[in-house]
Amino acid sequence: EAKTVEFTFDSNLNAATPEYPLSTGKTYYVAANGNDNYDGLSESTPFKTVKKINKLNLVAGDTVAFRCGDIFSGAGLELTASGADDNPITICSYGQGAKPKLLAQGYDAIKFTNLSNIVIRDLEIIVHGEERISENTPAQKYGISGYYDTIDSYRNIYIYNNTIHGSATQATSGVRVHAYISKDDNYQNLITNLQINRNEVYDLGMAGIFTDSWFYDWSASGGTMN
């Protein structure tokens, strides 16, 4: 006896798990035609400048989203608050088209110090610094810079899918996560779960993506860092 068999492409499998936690709090939108007097809480009332974002008191779960196709300059983005393990602070893009461009002229495009639970993704960063023409290399400028100088259990930094470039003749680098602590601390795990994935870096004069750490000696330096 013939039997009828039905096939379906429906699946009960769960959707792919994101590679980083998703923020579930407020989203602040930033667009080139925005206004810093707006509330920034919708695509129709976006902020205009990075300087305005730097004045916000971001908390765990907040997102700052830059509009695709736009260019933002005038200040580097300075993050000063940590997210939560399951609710990070996210810096990203929104809308359709090319990644938003953060143009950093003589400063770091995005920087943070002693923070945990940060997601930075889907941005284009153009970083410019001083020309490397003298015997002494000028101070580097970074597309994304994370710095740690305090002992704590820092964790969960996600840097994904960014494009970072500049000039190969300048003192510029793409992504740096750096620690500088006393040798007396002898701390082996200053930060855990640092993920830097699928970023494209090119035309930079110093380095593309790197992490490094240093111990300083309080006794040898007379109580000062040198």
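Basis of the calculations
Residues numbered from 1 in each chain as written. Predicted model: local features only at pLDDT ≥ 70, side-chain atom pairs only at ≥ 80, totals over all residues. Heavy atoms only, no water. Helix = DSSP H or I, 4+ residues; strand = E, 2+ residues; numbered from the N terminus. Buried < 20%, exposed > 50% of the residue type's maximum accessible area, 1.4 Å probe, protein only. Contact = heavy atoms within 4.5 Å. Phe/Tyr/Trp six-rings, centres within 6.5 Å; stacked < 30°, edge-to-face > 60°. Pairing = 2+ DSSP bridges. Axes fitted to C-alpha atoms, helices over the stretch in contact; angles between N-to-C directions. 1 Å grid on protein atoms, 1.4 Å probe; cavity = no way out; pocket = protein on both sides within 12 Å on 5 of 7 lines; lining within 4 Å. Points joined across faces, edges and corners; volume = space filled by probe spheres on them. Nonpolar A, V, L, I, M, F, W, Y, C, P; charged D, E, K, R; others polar. Disulfide = S-S within 2.5 Å.

Draft legend 1. Up close: the overall build of the protein chain. In terms of helices and strands, the protein chain carries one helix and 16 strands. For the protein chain, the residues scored as buried account for 42% of the 226 residues in total. A sequence separation of at least 24 residues applies to 78% of the contacts in the protein chain between residues at least 6 apart.

Draft legend 2. Layout of the packing of aromatic side chains. Enumeration over the complete set of coordinates arrives at six aromatic pairs. Here the aromatic rings of Phe66 and Phe72 are separated by 5.0 Å at their centres, their planes lie at 65°, and the arrangement is edge-to-face. Like Phe66, the residue Phe72 is buried in the burial classification. Following the ring pairs from residue to residue traces out a cluster consisting of Phe112, Tyr148 and Tyr154.

Draft legend 3. Examining the pairing of strand β2 (residues 63-67) more closely. A large share of β2 lies buried, amounting to four of its five residues. Of the strand pairs in this sheet, strand β1 (residues 27-30) and β2 are connected by four bridges, and their pairing is parallel. Looking at the pairing, Val30 lines up with Phe66 of β2. The sheet contact formed by β2 and strand β5 (residues 89-94) spans five bridges and is parallel. Each residue of the ladder has a partner; that of Ala65, found in β5, is Cys92.

Draft legend 4. Layout of the sheet that holds strand β14 (residues 191-197). A sheet is described by the order of its strands in space; here six strands give the open sequence β1-β2-β5-β8-β11-β14, paired in parallel fashion. For this open sheet the edge positions go to β1 and β14, each flanked by a neighbour on one side alone. Each strand axis lies, on average, 15° off the axis of its neighbour in the sheet, ignoring direction.

Draft legend 5. Quick look at empty space enclosed by the protein. All told, the structure shown has two cavities of 30 Å³ or more when counted by the stated rule. When its volume is computed, the largest cavity comes out at roughly 70 Å³. Forming the boundary of the largest cavity are Ile53, Asn54, Leu56, Leu58, Leu77, Glu78, Leu79, Thr80 and Ala81. Sorting the residues of the lining of the largest cavity by element identifies α1 (50-54) and β4 (77-79) as the ones contributing at least two each. Of all the elements, β4 adds the most residues to the lining of the largest cavity, at three residues. Per-class residue counts for the lining of the largest cavity are six nonpolar, two polar and one charged. Estimates place the volume of the second largest cavity at around 40 Å³. Taken together, Val50, Phe72, Ala75, Gly76, Leu102, Leu103, Ala104, Tyr107 and Ala109 make up the lining of the second largest cavity. Grouping the constituent residues of the lining of the second largest cavity by class yields eight nonpolar, one polar and no charged.

Draft legend 6. Structural detail: the sheet that holds strand β13 (residues 172-182). With parallel pairing, the five strands of this open sheet are ordered in space as β4-β7-β10-β13-β16. Of all the strands in the sheet, just β4 and β16 (207-216) have a single pairing partner and so form its edges. Taking each pair of neighbouring strands and ignoring which way they run, the sheet shows an average axis angle of 15°. Here nine bridges tie β13 to β16, and the two strands are oriented parallel to one another. Within β16, the residue paired with Val175 across the bridge is Ile209.

Draft legend 7. Structural view of the state of the cysteines. The final tally for this structure, using the stated rule, is zero disulfides. With no disulfide of its own, Cys68 lies 9.2 Å from the sulfur of Cys92, the closest cysteine sulfur. Residue class for Cys68 comes out buried when judged on its relative accessible area of 11%.

Draft legend 8. Layout of the environment of Ile89. Within the secondary structure, Ile89 sits in strand β5. For Ile89, the residues in contact, after removing those within four places along its chain, are Ser23, Leu58, Val59, Ala60, Gly61, Asp62, Ala81, Ser82, Gly83, Asn117, Ile118 and Val119.

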